[in-house]
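Observations on the model geometry
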Amino acid sequence: MGVVAAQSRRVNDDMLLIAAKTVGNLVTPDRLAVGCLYPPTEDLLSVSHEIAIAVAKVAHASKLADTNDVSEESLRRKMYNPHSSYSHGGVVDLSKALA
């Protein structure tokens, strides 16, 4: 999502690395202690948002983004909501989920 939101022309190694690091940083010590390597699936939307922000920022810093608007708010507006119908635009209001 970060690549698409940033309108990046390519995906470079730094983008893949920051995506992996972001996922790893979102795993709690409690989950690691029981052998979980990923955040819970219930957190998929907020995890996806965090990864998108990190990847979009790297795309922008690498001068691969075709847009300057890689802010959290911009990415939040572009998020797809799998529980919403297409007629509602499929946009998620993450203000409560990310608060």
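See the structure shown above.
The following refers to the structure shown. (Residues numbered from 1 in each chain as written. Predicted model: local features only at pLDDT ≥ 70, side-chain atom pairs only at ≥ 80, totals over all residues. Heavy atoms only, no water.)

Things to note about helix α4 (residues 44–61)
Condition: Numbering of helices and strands runs from the N terminus; a helix is a DSSP stretch of H or I covering at least four residues, while a strand is a stretch of E covering at least two. What a helix is expected to span follows from its residue count: subtract one and scale by 1.5 Å. Residues count as neighbours in contact if any of their non-hydrogen atoms are within 4.5 Å of one another.
Its 18 residues place the ends of α4 26 Å apart at the C-alpha level, agreeing with the 26 Å of an ideal helix rising 1.5 Å per residue. In this structure, the buried side of α4 is in contact with α1 (2–5), α2 (13–25) and α5 (72–78). Looking one or two places after α4, you find K63, whose phi comes out positive at around 60°.

Details of the environment of N25
What counts here: Buried residues are those whose accessible area, probed at 1.4 Å on protein chains only, stays under 20% of the maximum for their type, while exposed residues exceed 50% and partly exposed ones sit between those limits.
Secondary-structure assignment places N25 in helix α2. Overall, the relative accessible area of 68% leaves N25 in the exposed class. The spacing of N25 and Y38 is 13 residues in sequence and 9.3 Å in space, taken between C-alpha atoms.

Here's the deal with the nonpolar core
To keep it simple, the criterion reads: The definition of a nonpolar core used throughout is a set of buried Ala, Val, Leu, Ile, Met, Phe, Trp, Tyr and Cys residues joined through side-chain atoms within 4.5 Å.
Ranked by size, the top nonpolar core spans 17 residues in total, and within it A6, M15, I51, V55, A56, A59 and L75 carry the most contacts. The set of elements that each furnish at least two residues to this core consists of α2 and α4. Here this core takes eight residues from α4, the largest share from any one element.

Thoughts on the packing of α2 against α4
The geometry of a pair of packed helices is captured by two quantities: the angle between their axes and the separation between those axes. Formally: Comment: axis = line fitted to C-alpha atoms, over the contacting stretch for helices; angle = value between 0 and 180 degrees taken between N-to-C directions. Should an angle fall under 35 degrees it is called roughly parallel, over 145 degrees roughly antiparallel, and 65 to 115 degrees roughly perpendicular, with every other angle called oblique. Left-handed is the label given to a crossing in which the near helix is rotated counterclockwise from the far helix by less than a right angle, and right-handed is the label when the rotation is clockwise. Each residue is assigned to one of three groups, with Ala, Val, Leu, Ile, Met, Phe, Trp, Tyr, Cys and Pro labelled nonpolar, Asp, Glu, Lys and Arg labelled charged, and all others, Gly among them, labelled polar.
Interhelical geometry of α2 versus α4 gives an angle of 150° and a closest axis separation of 9 Å. In terms of their interaxial angle, α2 and α4 are classed as roughly antiparallel. Remark: the crossing between α2 and α4 carries right-handed chirality. Contacts from D14, M15, I18, A19, T22 and V23 of α2 reach α4 at E50, I51, A54, V55, V58 and A59. Looking at the contact of α2 with α4 residue by residue, the classes come out as nine nonpolar, one polar and two charged.

Let's talk about the side chain of N12
Note the cut-off: Identification of polar contacts relies on pairs of N or O atoms within 3.5 Å, with a donor-acceptor requirement for protein atoms, meaning one able to donate a hydrogen and the other able to accept it, and with residues adjacent in sequence counted only if both atoms are side-chain atoms.
Here N12 lies in the loop between α1 and α2. One polar contact links the side chain of N12 to the main-chain amide nitrogen of D14, over a distance of 3.1 Å. Ignoring anything within four residues of it in the chain, the contact list for N12 reads V58, S62 and L64.

Describing the pattern of salt bridges
Side chains that differ in charge, positive against negative, can pair when their charged atoms come close. Just so we agree on the cut-off: When a carboxyl oxygen of Asp or Glu lies within 4 Å of a side-chain nitrogen of Lys or Arg, that pair is called a salt bridge.
By the definition in use, this model includes one salt bridge. In this structure, R9 and D66 form a salt bridge, with 2.3 Å as the shortest nitrogen-oxygen distance. With a gap of 57 residues between them, R9 in the loop between α1 and α2 and D66 in the loop between α4 and α5 connect regions that are remote in the sequence. By relative accessible area, D66 is classed as partly exposed at 46%.

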